[in-house]
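Understanding the architecture of this molecule
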Amino acid sequence: MQKIICIANQKGGVGKTTTAVNLSAGLGIKNRKTLLIDLDPQGNATSGVGVENIKEKTIYEVLIGKIDIHDAIIKTEFKNLYVIPSNENLVGVEVELVNDENRHFYLKKALEKLNEKFDYIIIDCGPSLGILTINGLCAADSLLIPLQCEYYALEGLSKLLKTYKLVKRYYNKNLELEGILLTMYDKRTKLSFLVYKEVKSIFPTKLFTTIIPRNIKLTEAPSFGKPVIIYDPSSKGSIAYLNLAKELIKRSKNWQKRGLEKD
């Protein structure tokens with residue numbers, strides 16, 4: 001059973017793309033055929049898996065109906081990992097679809113054509129709660145929220161959760177909260193621990209056991225067009241994201257079991 005996961009947080013610099021790229025690569029290493037969709041006009045997830053200078057056949061052309069989604073899928077050099085790239089043209093979607101009453105469902109309709117070709121589809125959203133992110137939420141089975149271990153980390157979380165609840169209520173009743181992932185954790189600081197403690201108290205069942213540490217290899221890897229799992233497999237960042245992939249697979253088995261029981 002295919003699972004579609006939207007990675008979102010309107011706050012920038014929290015590790016969304018780092019998580020999308022490395023979680024996707026980790027799932028691939030764990031023998032799960034994975035499609036990474038870059039839904040951010042900055043295109044960082046695209047370059048993060050070694051794909052560059054794609055002018056056409058991007059997620060933009062898919063959303064406006066210019067090409068079929070199958071024609072935009074690129075096989076990366078990494079095991080079981082595919083990507084639908086993005087570039088700056090994606091900014092135009094916000095304008096082109098603004099008056100379309102079905103504007104929230106373009107990605108969902110496109111993904112339906114894949115007929116469960118992948119085990120996982122990971123959607124990397126930009127730092128906003130605009131049409132693109134709403135498209136990601138409407139197309140997804142679940143929302144994964146990366147949360148930076150800093151003082152203002154929880155400040156924007158309530159706004160994102162409000163958007164999540166609205167999308168679930170009006171557009172995608174099956175959307176679930178996959179979980180909250182703490183990123184940039186520094187065990188040397190008291191602040192990181194306090195953020196962890198607070199999030200744990202508010203979301204005791206939704207906080208991932210895996211915590212992503214601050215790690216220089218995580219910041220180096222994108223400049224080489226590689227997930228950290230490939231760039232430096234022995235690094236703390238690599239080990240953390242492999243553990244996240246394993247934890248997600250375990251959660252997905254429970255999700256799949258619930259789905260079968262409903263059927």
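Structure: see above.
About the criteria used
Residues numbered from 1 in each chain as written. Predicted model: local features only at pLDDT ≥ 70, side-chain atom pairs only at ≥ 80, totals over all residues. Heavy atoms only, no water. Helix = DSSP H or I, 4+ residues; strand = E, 2+ residues; numbered from the N terminus. Rg over C-alpha atoms; globule rule 2.2 N^0.38 Å. Buried < 20%, exposed > 50% of the residue type's maximum accessible area, 1.4 Å probe, protein only. Areas by Shrake-Rupley, 256 points an atom, 1.4 Å probe, with all protein chains shown as cover. Lys, Arg positive; Asp, Glu negative; His and termini not counted. Charge placed at Lys NZ, Arg CZ, Asp CG, Glu CD. Pairing = 2+ DSSP bridges. Expected span 1.5 Å × (residues − 1). Arc of directions from axis to C-beta. Contact = heavy atoms within 4.5 Å. Core = buried A, V, L, I, M, F, W, Y, C linked by side-chain atoms within 4.5 Å.

Once that is clear, we can look at the overall build of the protein. Within the protein one finds 11 helices and 7 strands. For a compact globule of 263 residues, the expected C-alpha radius of gyration is about 18 Å, and the protein comes in at 17 Å, within 12% of that figure. In the protein, which comprises 263 residues, the proportion classed as buried is 53%. Summed over all atoms, the accessible surface of the protein reaches about 12600 Å², with 50% contributed by carbon and sulfur. When the 39 positive and 29 negative side-chain charges of the protein are each reduced to one mean point, those points stand 8 Å apart.

Turning our attention to the sheet that holds strand E2 (residues 34-39). With respect to topology, 7 strands assemble into an open sheet ordered E3-E4-E2-E5-E1-E6-E7, the strand pairing being mixed. The open sheet has two free edges, formed respectively by strand E3 (74-75) and strand E7 (176-183), since each of these has just one partner strand. Bridge analysis of E3 against strand E4 (residues 81-84) gives 2 bridges, and the strand direction is antiparallel. Note that in E4 the partner of Ile74 across the bridge is Val83.

Taking 1.5 Å of rise per residue, 13 residues should cover 18 Å, and helix H8 (residues 190-202) covers 19 Å from first to last C-alpha, within 8% of that figure. Restricting attention to buried positions, one finds in H8 the residues Ser192, Val195 and Val199. Buried residues along H8 cover an arc of 65° about the axis, so they all sit on one side. Summarising the geometry of H8, the exposed residues directed more than 90 degrees from the buried face are Lys190, Lys197 and Ser201. Those residues of H8 that are buried are in contact with strand E6 (142-148) and E7.

This part takes up the nonpolar core. Membership of the largest hydrophobic core comes to 53 residues, with the highest contact counts inside it found for Leu35, Ile37, Ile59, Leu107, Leu111, Ile121 and Ile123. Beyond its immediate sequence surroundings of up to four residues, Ile123 is in contact with Ile4, Ile5, Cys6, Ile7, Ile37, Leu39, Leu107, Leu111, Gly136 and Ala139. With 30 residues, the next largest nonpolar core counts Leu27, Leu36, Val49 and Phe208 among its residues.

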